[in-house]
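Observations on chain architecture
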Amino acid sequence: MKIAMVGSGYVGLVSGACFADFGHDVVCIDKDQSKIDRLHDGIMPIYEPGLAELVGANVRAGRLTFTTSLAEGIKDADAIFIAVGTPSRRGDGHADLTFVYAVAKEIGENLANDAVVVTKSTVPVGTGDEVERILKDSGTSHKFSVVSNPEFLREGAAIGDFKRPDRIVIGAEDDFGREVMSAVYRPLFLNESPILFTGRRTSELIKYAANAFLATKITFINEMADLCEKVGADVQDVSRGIGMDGRIGAKFLHAGPGYGGSCFPKDTLALLKTAEDYDSPTRIVEAVVKVNDTRKRAMGRKVLDALGGADKARGKKVALLGLTFKPNTDDMRDSPAIAVAQTLTDAGVEVAAFDPEGMELAAPLMPEVTMVEEPYAAIKDADAIAIVTEWDAFRALDLGRVKELAKAPVLVDLRNIYRPDEVRAAGFEYSSIGRN
Ligand code: UDX
């Protein structure tokens, strides 16, 4: 099969490289000349474990190429994927579909053969209908079908998620669309990955419903964690105790500083907008968005409490370990660390931070924070150390050395990666999430 991937960002590049690895002939297209130049040189635009190797291997095998020309890239393609960004529109939270529609128009104007056009970008219900209208209006004489095929890739684990998915969702309205998509995913089909065929609008909604549900699950356990702290219970055990119930499931019940990233914050907001437009409120999701937003600053206040309260914090120093919204990514989008850092600097605290991959993108988002080269440089002379992201590098800190370097042995663990008894036995004042 010949596949064109329009948009060589996170989703496009991972999907393109994985499709090539299945044996398909893939062209990744992007308007950004410097991005394409760097990809030709083997330089990835994002940090994702295993991606550079996968891209390199498939380029060398001649199955993966890059171009800035959409017309060139889509020539002879059986399936043309639209994998461009759908950021939150400034002001109202609606998904901004400018890029998706511009690409659809360009595809229509340049279509040189029959093809299936697939929206992989996360798009609100009805976007496929609009893409279909745009293609029709372009006056193309070729047969086409517009299909929805949402991605469920987690940053940091995207290649594994693509190759061993829990399910593949395909929203198609005709046999042409279903047949081409079956051929595209045949390698996974043979692997017995479940493929769910639905209508196009249903498929579009599945993506939002999945992310909103996961965001709800996280927010639920985060509120339980707060309650645990008040009543003297342990949220880790609560998670285990409810997660063993097969109806609930153990995953996404890890309490923390609130969800961030490129998907949950933006997709929950976009779902609220769709619900509003269709006069069908989703009040649970409304509450989730509000609770998660307020939680991030509350985490900053938790660190201030560890310093003895906001009024005593001015002039003190805090070491922030971890800045990205989760480990194994350099992504800072909606990371809780931004609100934590802001709350601290607002209170006059001096903040030194270290993150294994995220400092370059973090620096402009927290101009008052000093970025340092390694964790112990941040810890030196700190009045408190706060773990904000659960990178492996922070799981086995040399507590003896930490105690020596820090001004005070105060550890705030916003990801519960340490055991309270062990850290306290090492002489630390320790606070974490949902554990007394
Ligand atoms: C998510 C979805 O998992 C993926 O299917 C979708 O397509 C894109 O959005 P991603 O944003 O990469 O993926 O990260 P994910 O691992 O889902 O974590 C999202 C946020 O939730 C992170 O901030 C993470 O720290 C937080 N989280 C996750 C928790 O706080 N607790 C958990 O138990 C799980």
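Given the structure is predicted, the values throughout are model-derived calculations rather than measurements. (Residues numbered from 1 in each chain as written. Predicted model: local features only at pLDDT ≥ 70, side-chain atom pairs only at ≥ 80, totals over all residues. Heavy atoms only, no water.)

Looking at the packing of aromatic side chains
The geometry of an aromatic ring pair comes down to the distance between the two centres and the angle between the two planes. For clarity, the threshold we go by: Here a Phe, Tyr or Trp ring, Trp counted by its six-membered ring, pairs with any other such ring whose centre lies within 6.5 Å, and the pair is stacked when the planes are under 30 degrees apart, edge-to-face when over 60, and tilted otherwise. Secondary structure counts use DSSP, requiring at least four H or I residues in a row for a helix and at least two E residues in a row for a strand, with both numbered from the N terminus. Exposure is judged per residue with a 1.4 Å probe applied to protein chains only, and the accessible area is read against the type maximum: over 50% gives exposed, under 20% gives buried, and values in between give partly exposed.
The final tally for this structure, using the stated rule, is 9 aromatic pairs. Ring plane angle 35° and centroid distance 6.0 Å describe the contact between Phe22 and Phe162, whose orientation is recorded as tilted. Residue Phe22 is located in the loop between helix H1 (10-21) and strand S2 (25-29), and its partner Phe162 is located in helix H7 (residues 158-163); the two are separated by 140 residues in the primary sequence. We classify Phe162 as buried; its relative accessible area is 6%. Taking the centre distance of 6.1 Å and the plane angle of 80° together, the rings of Phe354 and Phe394 count as edge-to-face. In this pair, Phe354 is assigned in strand S10 (residues 350-354) and Phe394 in the loop between strand S12 (384-387) and helix H17 (399-405), connecting sequence segments 40 residues apart. The exposure classification of Phe354 matches that of Phe394, with both residues buried. Chaining the aromatic ring pairs together yields one cluster made of Phe19, Phe22, Phe81, Phe162 and Tyr185.

Here's the deal with the environment of Gly261
As a reminder of what qualifies: Pairs of residues are marked as contacts when any of their non-hydrogen atoms sit within 4.5 Å.
Position of Gly261 among the secondary structure elements: in the loop between helix H11 (235-243) and helix H12 (264-277). Counting along the chain gives 73 residues from Gly261 to Asp334, while the straight-line C-alpha distance between them is 5.4 Å. Residues within four places of Gly261 in sequence aside, it is in contact with Phe325, Arg333 and Asp334.

Some details on the domain arrangement of the chain
Note the following rule: Residue ranges for the domains trace back to a domain assignment, done automatically or taken from a database. The buried area of a pairing is the accessible area, by a 1.4 Å probe, that goes missing from both parts when the two are put together, added over both. The salt bridge criterion pairs a side-chain nitrogen of Lys or Arg with a carboxyl oxygen of Asp or Glu, the two atoms within 4 Å. Any pair of nitrogen or oxygen atoms within 3.5 Å is treated as a polar contact; in protein, a donor-acceptor pairing is required on top of that, and neighbouring residues in sequence qualify only through side-chain atoms on both sides. Here the term charged refers only to Asp, Glu, Lys and Arg, the term nonpolar to Ala, Val, Leu, Ile, Met, Phe, Trp, Tyr, Cys and Pro, and the term polar to all other amino acids, Gly among them.
When the domains of the chain are assigned, the result is domain 1 (2-198), domain 2 (208-289) and domain 3 (295-431). The centre of domain 2, based on its C-alpha atoms, is set 24 Å off from the matching centre of domain 3. Facing 14 residues of domain 2, the contacting portion of domain 3 comprises 13 residues. With both sides pooled, the region where domain 2 packs onto domain 3 buries about 1100 Å², and carbon together with sulfur makes up 48% of that total. Of all residues in domain 2, Pro257, Gly261 and Ser262 give up the largest surface area on contact with domain 3, accounting jointly for 44% of the area buried on that side. At the boundary of domain 2 and domain 3, one finds 2 salt bridges. Taking the shortest distance from any N to any O, the salt bridge between Asp226 and Arg295 comes out at 3.2 Å. Our enumeration of links across domain 2 and domain 3 arrives at 7 residue pairs in polar contact (both at pLDDT 80 or more). When residues of the side of domain 2 that touches domain 3 are traced back to their parent elements, those giving at least two are helix H10 (200-231) and H11. Looking at which element gives the most residues to the side of domain 2 that touches domain 3, the answer is H10, with 3 residues. Looking at the side of domain 2 that touches domain 3 residue by residue, the classes come out as 4 nonpolar, 8 polar and 2 charged.

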